[in-house]
Structure formats: C-alpha cells, structure tokens
Amino acid sequence: MIHTTVLNPESPQPALTFIHGWAAESSVWLPFAEAFCADYQVHLLDLPGFGQSPALSLDTKNGEQIAQQWIEAILPVLPEQTHLVGWSLGGLISQRLAAQVPQRILSLTNMASTPKFVQTENWRFAVSPSLMKDFIQAVGIESAIVLKQFWRLQFQGSDEARKWMKSFQAQIKHRNPPTLTGLLQGLYILKDLDNRALFKISENLPESPALPAQMPPVGWIFGEKDPLIPLQLTEAFIPNQSVEVIRGAAHMPFFSHAQETEKALRALLNSYTISAF
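Residues numbered from 1 in each chain as written. Predicted model: local features only at pLDDT ≥ 70, side-chain atom pairs only at ≥ 80, totals over all residues. Heavy atoms only, no water.

### As for the overall build of the chain
Next up, step 1: Each helix and strand counted, the chain has nine helices and seven strands in total.
Next up, step 2: The C-alpha radius of gyration of the chain comes to 17 Å, within 12% of the 19 Å expected for a compact globule of 277 residues.
Next up, step 3: Taken over the C-alpha atoms alone, the chain extends approximately 50 × 50 × 40 Å along its principal axes.
Next up, step 4: Taken across its 277 residues, the chain has 52% of its residues classed as buried.
Next up, step 5: Put simply, 71% of the contacts in the chain that link residues at least 6 apart link residues at least 24 apart.
Next up, step 6: Of the roughly 12300 Å² that the chain leaves accessible, carbon and sulfur atoms contribute 52%.
Next up, step 7: Separation between the mean location of the 20 positive side-chain charges and that of the 24 negative ones in the chain comes to 6 Å. (Helix = DSSP H or I, 4+ residues; strand = E, 2+ residues; numbered from the N terminus. Rg over C-alpha atoms; globule rule 2.2 N^0.38 Å. Buried < 20%, exposed > 50% of the residue type's maximum accessible area, 1.4 Å probe, protein only. Contact = heavy atoms within 4.5 Å. Areas by Shrake-Rupley, 256 points an atom, 1.4 Å probe, with all protein chains shown as cover. Lys, Arg positive; Asp, Glu negative; His and termini not counted. Charge placed at Lys NZ, Arg CZ, Asp CG, Glu CD.)

If you want it as structure tokens, here you go:
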C-alpha cells in the first residue's frame, strides 16, 4: 500500500500532489510544500520502497515493467483530480501517470527531471549508460556509501552547496532509510524509461510538433547548475512548453532555493489555469 500524507485534508481547494525522487521520501518536500496549503489541498506520496511505503516484490529488472507496477500501486491513492509535481525520478513516474490517466491530472510540473535519464546515440542530455551500470552495481554492494555520495551530488555546483548539504544531512537523520529493493527498482526505471514519445521530442528535429492532445498542461523547472539534468535539455523542448530556470540551484532547487522555486511553481500553476480557459 502506497503511503500518502495530506497536509490539509479539510481543504476544499484543488489537489496538488508531490512525488519525490530516487533515495528520498515524501517528507523531503517539507517545509517547501507547506507554502501551498492556502491554495491547494497538498498531498505527499511515498514511492514503493521509500519512506513508509513498502517495496513491491517483483521478479523483474525491466524498468518499464517496474514503472508500470509502481503506477498501478499509486493510482488507488492518487486524488481523483490533481495537479502533479514530480522531482527527478518522480518526474518520470508523473509523466507516465499523466499519459495514462490524463482525465485525473490537471497539470504536470517536472522539477529537475527529464523524459529520459540515460544517454543514447540520439539523446545526449543525460548520464552515460556506463555510469548508470556502475551505479547500480555499487548500490547492490554498499548502498550506504553510495547514498552519501549521491546526496552530495544533489547540491554540487549549487550556491552555498556545503551549507545546504549540512542542513539536508541533519534532516535525513530522522527519516526512514530506503529499502534496497526500492533503490534498485528506482535505478532500473531511471535506466530504462524513455518518455520522449509522450512529448514528441526529438533531438534531431529543429521544430517538434505540439504535445499529444491527451496530455495535460506541462511545465518544467530546472536548476541552472544541476549536475544530473543539464540545462541544455531545454534545447529539445517544443517552444510552447513552459520552462522555469532557478538560477544558482543544482538538483534540489526546492530545498536550496525554496522561495525562487515556489515563485516558479506558482507561475506555472497559474499559467495552466489561464490556458484552460
């Protein structure tokens, strides 16, 4: 059963659901998500194997199959209609949710995320396959060491990176450690999932066609100095997709640059509402 937290369950406002990234949990959004409680009913969701959600027992290493099982586990707890914000791995999952149940997704905001996390011959805005392979092997051997290295990477290049890393480490001491199964399943998803077709993105086309008609309004928030999601990714996007860049931020803009990221997310949410009329 997927664990969710509703910060303001009595609110009559539209739902706003946040989905965290790899090795994190729903509480990573706090206190950032609390800023939206006056205008939205805020939902925080723990992905399988993270936070208070148990890992799914799956006999596969295929990221596409794992992602579908995760989605089927999420759907029963997802609000009937909601704005969706997905960070990193959570963005990949959110993209699939928006494509599969567009009638339930009011808008999709991808934060420090991408349609495809690993490079191919025609997709350079990503990490190398060899790096991903080594990372998966390392997690299976010594996950604790890898996680420490990964969290340092989150703030690499960010303004005052050391300060934010110290603050973040103090917070995660009080959180549930992720399960090894959840970590590995998440990495298989990052390795295999390719959502570019959802947006008809092609690196080789100077002008890409419009979003598929079935997709809800889509926006993107990037950290200017993100070491995992290069800002050059915006070169592949169609002109009418909304993009906000958080100057000086790395892979966790909502943590290191909370005010700027809140402003950017509000601007996107407002633009979705306007475009609906």
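And the narrative resumes.
### Remarks on the nonpolar core
Next up, step 1: Counting residues in hydrophobic clusters, the biggest one holds 84 residues, and the most contacted among them are Phe18, Trp22, Trp29, Trp87 and Trp151.
Next up, step 2: With six residues, helix H6 (residues 180-192) is the largest single contributor of residues to this core. (Core = buried A, V, L, I, M, F, W, Y, C linked by side-chain atoms within 4.5 Å.)

### A word on helix H2 (residues 89-100)
Given 3.6 residues to a turn, an α-helix orients residues that are three or four positions apart in the same direction.
Next up, step 1: With twelve residues, H2 should cover 16 Å at 1.5 Å per step; its first-to-last C-alpha distance of 17 Å lies within 8% of that length.
Next up, step 2: With ten of twelve residues buried, H2 is to be regarded as a mostly interior element.
Next up, step 3: Turning to H2, its buried residues number three or more, namely Leu89, Gly90, Gly91, Leu92, Ile93, Ser94, Gln95, Arg96, Leu97 and Ala98. (Expected span 1.5 Å × (residues − 1).)

### Overview of the side chain of His83
Next up, step 1: Structurally, His83 is set in strand E4 (residues 82-87).
Next up, step 2: Here Ser107 takes part through its side chain, which lies 2.7 Å from a polar atom of the side chain of His83.
Next up, step 3: Other than its neighbours up to four places away in sequence, His83 contacts Pro14, Ala15, Leu16, Thr17, Tyr40, Leu106, Ser107 and Leu269. (Polar contact = N/O pair within 3.5 Å; in protein donor to acceptor, adjacent residues only side chain to side chain.)

### A few points about the pattern of salt bridges
Next up, step 1: Taken as a whole and assessed by the stated rule, the structure comprises nine salt bridges.
Next up, step 2: We note a salt bridge from Asp39 to Arg266, for which the minimum N-O separation is 2.9 Å. Of the two residues, Asp39 sits in the loop between strand E2 (15-19) and strand E3 (41-45) while Arg266 sits in helix H9 (residues 258-275), which places them 227 residues apart along the sequence.
Next up, step 3: Here Asp39 falls in the partly exposed class, since its relative accessible area comes to 35%.
Next up, step 4: Residue class for Arg266 comes out partly exposed when judged on its relative accessible area of 22%.
Next up, step 5: A salt bridge links Glu160 to Lys163, with the shortest nitrogen-to-oxygen separation between them at 3.9 Å.
Next up, step 6: Beyond isolated ion pairs, a larger network of salt bridges with shared partners links Asp39, Glu262 and Arg266. (Salt bridge = Lys/Arg side-chain N within 4 Å of Asp/Glu carboxyl O.)

### Brief notes about the pairing of strand E6 (residues 218-223)
Next up, step 1: For E6, the buried fraction is high: six of the six residues fall into the buried class.
Next up, step 2: Note that strand E5 (residues 105-111) and E6 share four bridges and pair parallel. Following the sheet pairing, Asn110 is matched in E6 by Trp220. (Pairing = 2+ DSSP bridges.)

### Describing the packing of H2 against H6
Next up, step 1: Running from amino to carboxyl end, H2 crosses H6 at an angle of 65 degrees, the nearest separation of the two axes being 10 Å. With respect to H6, the element H2 is oriented roughly perpendicular. Crossing angle aside, the handedness with which H2 passes H6 is left-handed. Listed contacts from H6 to Leu89, Leu92 and Ile93 of H2 are Gly186, Ile189 and Leu190.
Next up, step 2: Classifying every residue of the contact of H2 with H6 by side-chain character gives five nonpolar, one polar and no charged. (Axes fitted to C-alpha atoms, helices over the stretch in contact; angles between N-to-C directions. Parallel < 35°, antiparallel > 145°, perpendicular 65-115°, else oblique. Left-handed = near helix turned anticlockwise from the far one by under 90°. Nonpolar A, V, L, I, M, F, W, Y, C, P; charged D, E, K, R; others polar.)

### Points about the sheet that holds strand E7 (residues 242-246)
Next up, step 1: Strand order in the open sheet formed by seven strands is E1-E3-E2-E4-E5-E6-E7, with mixed pairing between adjacent strands. Strands with a single pairing partner mark the edges of an open sheet, and in this sheet they are strand E1 (4-6) and E7. For this sheet the average axis-to-axis angle between neighbouring strands, irrespective of direction, equals 20 degrees.
Next up, step 2: Both E4 and E5 contribute to a ladder of six bridges, which runs parallel. Residue pairing in the sheet places His83 in a bridge with Ser107 of E5.
Next up, step 3: H2 contacts E2, E4, E5 and E6 of the sheet and is inclined by roughly 145 degrees relative to E4.

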